[in-house]
Amino acid sequence: MPLMTPEQYEESLRQLNFKVYLQGELVTNPVDHAIIRPSMNSVKMTYALAIDPQYEELTTATSHITGKKVSRFTHLHQSTDDLVKKVKMQRLLGQKTAACFQRCVGMDAMNAVDSVTFEMDQKLATKYHERFINFLTRVQEEDWTVDGAMTDPKGDRSLSPSKQADPDLFVHVVERRADGIVVSGAKAHQTGALNSHWILVMPTISMSKEDADYAVSFVTPADADGIFYIYGRQSCDTRKLEGGSIDVGNSQFGGHEVLMVFDNVFIPWENVFMCGEYEFSGALVERFAGYHRQSYGGCKVGVGDVLIGAVALATEYSGANKASHVKDKLIEMIHLNETLYCCGIACSAEGYRTASGTYLIDLLLANVCKQNVTRFPYEIARLAEDLAGGLMVTMPSEKDLRHPEIGKVVEKYLRGVASVPTEHRMRVLRLIENITLGTAAVGYRTESMHGAGSPQAQRIVISRQGNLEQKKELAKAIAGIKND
């Protein structure tokens, strides 16, 4: 079964036994919970597009392991064309969901783990890469969703993992056994974990020798014994419990984040890809971060396309669309959005082959891409709020619109252009609110800032990859300055 149908994917989640707490209560059925369900629908869309002939060139690939058609989310990049198609696929899914579709983290993690385990085996004569390929083959055959887990709570940021007052503030090995390892700790901000079949854990920072127990990478079933989840709050999330479809802005799709806790979880050796090889932890972090920073040049752009379209509709519905400043602001939004896309495509086109055969993006350009992502969506959102107007955050509720008496008043006074139904205007304004201030703002705004590393993390890589010394030599040559 190389490709699951959306229905098979949903059913596969129903077979899992998640332990998840949401607002202080244990959730018995995550798939159908009103707050969680929209995030599952977003992942479900990745399965729907993969079996749609119209999109299969972007959403599927030929496995270099089995030769079969597989989801691109389970594929290892074998060329710069694969890297470019990844970004185009992510933009498409952003356009289709206007939300985080969650499978990018696992795709980026698997590609990073592939090349790093290969190089570890070459240098240390370990068997990690063989284990990883065995796992990946199963992922492709079953079309599993894999969640990449990198970010630890970290505790006191001035202290290394081994110096923390509480050792569990970073995921670490607490026991080594003949048949595997036992790990404890937590991973924070885990996007899409409850919609995943497996979790691929990686170290969160470069480790030193004294932190060797924290230099660990492994896979585990998402519902394994000892794993439990605490669901993260999102702005306006309880609107999903109210019924109706207008006030939530995007009633069908969404994303989620959880705190994932590992309480003495057993991992068999066959699922361990790093265990104490601290000198390779930095490479794994850098490559995963690079791939994920590339990803943002696709997914955020797709959501941006929806936001720009919603704003254009809002100005038409209010009759302001012909004003020159409105046109100019829409142009600026498009300019910023396409600039992000350019960076995503550029770092992909400039990618290169690693020792394992998997292609890595240009790290400098990927970090430039993400640095822009930390800024441009905020400006796009600001312009969206400017053009949407104050009604976006002051208009009455859907229940008021549906009310037998005051509904007519809402219809009368919230109408813009006479030919456009008031409900249409309310729907598009709520969509703008959802992306800029509501549940989708997690993915479009704050995740753009902190996801795949906060702004300073990109600036560090840009400084390291920028080759300033070469630029100085170029200037000397042009200026006629000869080295002593």
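Report follows, based on the coordinates. Note that the structure is predicted; figures quoted are calculated from it, not measured.

What counts as what
- Residues numbered from 1 in each chain as written.
- Predicted model: local features only at pLDDT ≥ 70, side-chain atom pairs only at ≥ 80, totals over all residues.
- Heavy atoms only, no water.
- Helix = DSSP H or I, 4+ residues; strand = E, 2+ residues; numbered from the N terminus.
- Rg over C-alpha atoms; globule rule 2.2 N^0.38 Å.
- Buried < 20%, exposed > 50% of the residue type's maximum accessible area, 1.4 Å probe, protein only.
- Contact = heavy atoms within 4.5 Å.
- Areas by Shrake-Rupley, 256 points an atom, 1.4 Å probe, with all protein chains shown as cover.
- Expected span 1.5 Å × (residues − 1).
- Pairing = 2+ DSSP bridges.
- Axes fitted to C-alpha atoms, helices over the stretch in contact; angles between N-to-C directions.
- Salt bridge = Lys/Arg side-chain N within 4 Å of Asp/Glu carboxyl O.
- Left-handed = near helix turned anticlockwise from the far one by under 90°.
- Nonpolar A, V, L, I, M, F, W, Y, C, P; charged D, E, K, R; others polar.
- Core = buried A, V, L, I, M, F, W, Y, C linked by side-chain atoms within 4.5 Å.
- Patch = residues over 30% accessible without salt bridge, like charges linked within 9 Å, V, L, I, M, F, W, Y side chains within 5 Å.

**Quick look at the overall build of the protein**
Scanning the protein from N- to C-terminus turns up 17 helices and 14 strands. Whereas a compact globule of 484 residues would reach a radius of gyration of roughly 23 Å, the protein reaches 24 Å, a difference of no more than 12%. With the C-alpha coordinates of the protein rotated into their principal frame, the extents come out at 75 × 70 × 50 Å. Scored against the burial criterion, the 484 residues of the protein give a buried share of 55%. Taking as baseline every contact in the protein between residues at least 6 positions apart, the subset at least 24 positions apart corresponds to 77%. Accessible surface, the protein: about 20100 Å² in total, of which carbon and sulfur atoms supply 52%.

**Some words on helix H10 (residues 376-388)**
One turn of the α-helix equals 3.6 residues, which is why residues spaced by three or four share an orientation. Taking 1.5 Å per residue, 13 residues should reach 18 Å; H10 reaches 18 Å between its end C-alpha atoms and fits that length. In this fold, the buried residues of H10 make contact with helix H7 (281-318), helix H8 (324-349), helix H9 (363-373), helix H11 (391-394), helix H14 (422-436) and helix H15 (441-450). Note on H10: the residue one or two positions beyond its end, glycine 389, has a positive phi of about 85 degrees.

**What about the sheet that holds strand S5 (residues 146-149)?**
If you trace the four strands from one edge of the open sheet to the other, you get S5-S8-S9-S12, paired in mixed fashion. Sheet topology places S5 and strand S12 (272-275) at the edges, where each strand pairs with a single neighbour. Pairwise comparison of adjacent strand axes, ignoring direction, gives a mean angle of 20 degrees for this sheet. As paired elements, strand S9 (residues 216-221) and S12 share three bridges and run antiparallel to each other. Its bridge partner being in S12, phenylalanine 218 is matched across the sheet by valine 272. Where helix H5 (residues 104-124) meets the sheet, it contacts S5, strand S8 (198-201), S9 and S12, and its direction lies at approximately 65 degrees from that of S5. Sitting on the sheet, helix H6 (residues 128-142) is in contact with S5, S8, S9 and S12, with an inclination near 145 degrees to S12.

**Comments concerning the pattern of salt bridges**
Side-chain pairs of opposite charge can arise where the charged atoms are in close proximity. Going through the model one piece at a time under the given rule, you end up with 33 salt bridges. Put simply, arginine 37 and glutamate 10 hold a salt bridge, and the shortest N to O gap is 3.0 Å. Of this pair, arginine 37 sits in helix H2 (residues 37-50) while glutamate 10 sits in helix H1 (residues 6-14), and the two are 27 residues apart along the sequence. A salt bridge links arginine 176 to aspartate 213, with the shortest nitrogen-to-oxygen separation between them at 3.1 Å.

**As for the pairing of strand S11 (residues 257-268)**
A regular strand places its side chains so that they alternate between the two faces of the sheet. Summarising the sheet, strand S7 (residues 180-191) and S11 pair through nine bridges and their orientation is antiparallel. Its bridge partner being in S11, glutamine 190 is matched across the sheet by valine 258. For strand S10 (residues 227-231) and S11, the ladder comprises five bridges, and the chain directions are antiparallel. Its bridge partner lying in S11, tyrosine 231 is registered against valine 258.

**Considering the pairing of S7**
Counting buried positions over the twelve residues of S7 gives eleven, a clear majority of the element. In terms of strand pairing, strand S6 (residues 172-177) meets S7 through five bridges, oriented antiparallel. Bridge assignment links arginine 176 to a residue of S7, and that residue is isoleucine 181. Hairpin connection from S6 to S7: two residues lie between these consecutive antiparallel strands.

**What about the packing of H7 against H14?**
One can describe the packing of H7 onto H14 by two numbers: an axis separation of 9 Å at closest approach and a directional angle of 145 degrees. Once H7 is placed against H14, the crossing between them reads as left-handed. Here Val303, Val306, Leu307, Ala310, Val311, Leu313, Ala314, Tyr317 and Ser318 of H7 lie close against H14, whose contacting residues are His424, Arg425, Val428, Leu429, Leu431, Ile432, Ile435 and Thr436. Considered class by class, the residues forming the contact of H7 with H14 number 13 nonpolar, three polar and one charged.

**Quick look at the environment of valine 303**
Along the chain, valine 303 falls in helix H7. Considered as a pair, valine 303 and alanine 99 are 204 residues apart in the sequence and their alpha carbons are 6.5 Å apart. Ignoring any residue separated from it by four or fewer positions in sequence, one finds valine 303 in contact with Gly94, Gln95, Ala98, Ala99, Ile435 and Tyr444.

**Comments concerning the nonpolar core**
Within the largest apolar cluster, 68 residues are counted, with the highest numbers of intra-cluster contacts made by Val183, Tyr229 and Phe262. The leading source of residues in this core is H5, at seven residues. Here tyrosine 229 is in contact with Phe18, Lys19, Val20, Tyr21, Ala193, Leu194, Ile199, Ala222, Val258, Leu259 and Met260, once residues within four sequence places are set aside. The next biggest cluster of nonpolar side chains, apart from the first, holds 53 residues, and it includes Leu93, Val326, Leu401 and Val420.

**A few points about the sheet that holds strand S2 (residues 25-27)**
A sheet is described by the order of its strands in space; here six strands give the open sequence S2-S1-S10-S11-S7-S6, paired in mixed fashion. The open sheet has two edge strands, S2 and S6, and neither has a second partner. Pairwise comparison of adjacent strand axes, ignoring direction, gives a mean angle of 20 degrees for this sheet. Bridge count for strand S1 (residues 20-22) against S10 is two bridges, and the pairing is parallel. The partner of valine 20 across the bridge, within S10, is tyrosine 229.

**Here we look at a nonpolar patch on the surface**
A cluster of nonpolar residues, Ile406, Val409 and Tyr413, forms a patch on the protein surface that exposes about 310 Å² of accessible area. On the secondary structure map, tyrosine 413 appears in helix H13 (residues 407-413). Residue classification places tyrosine 413 among the exposed residues on the basis of a relative accessible area of 60%.

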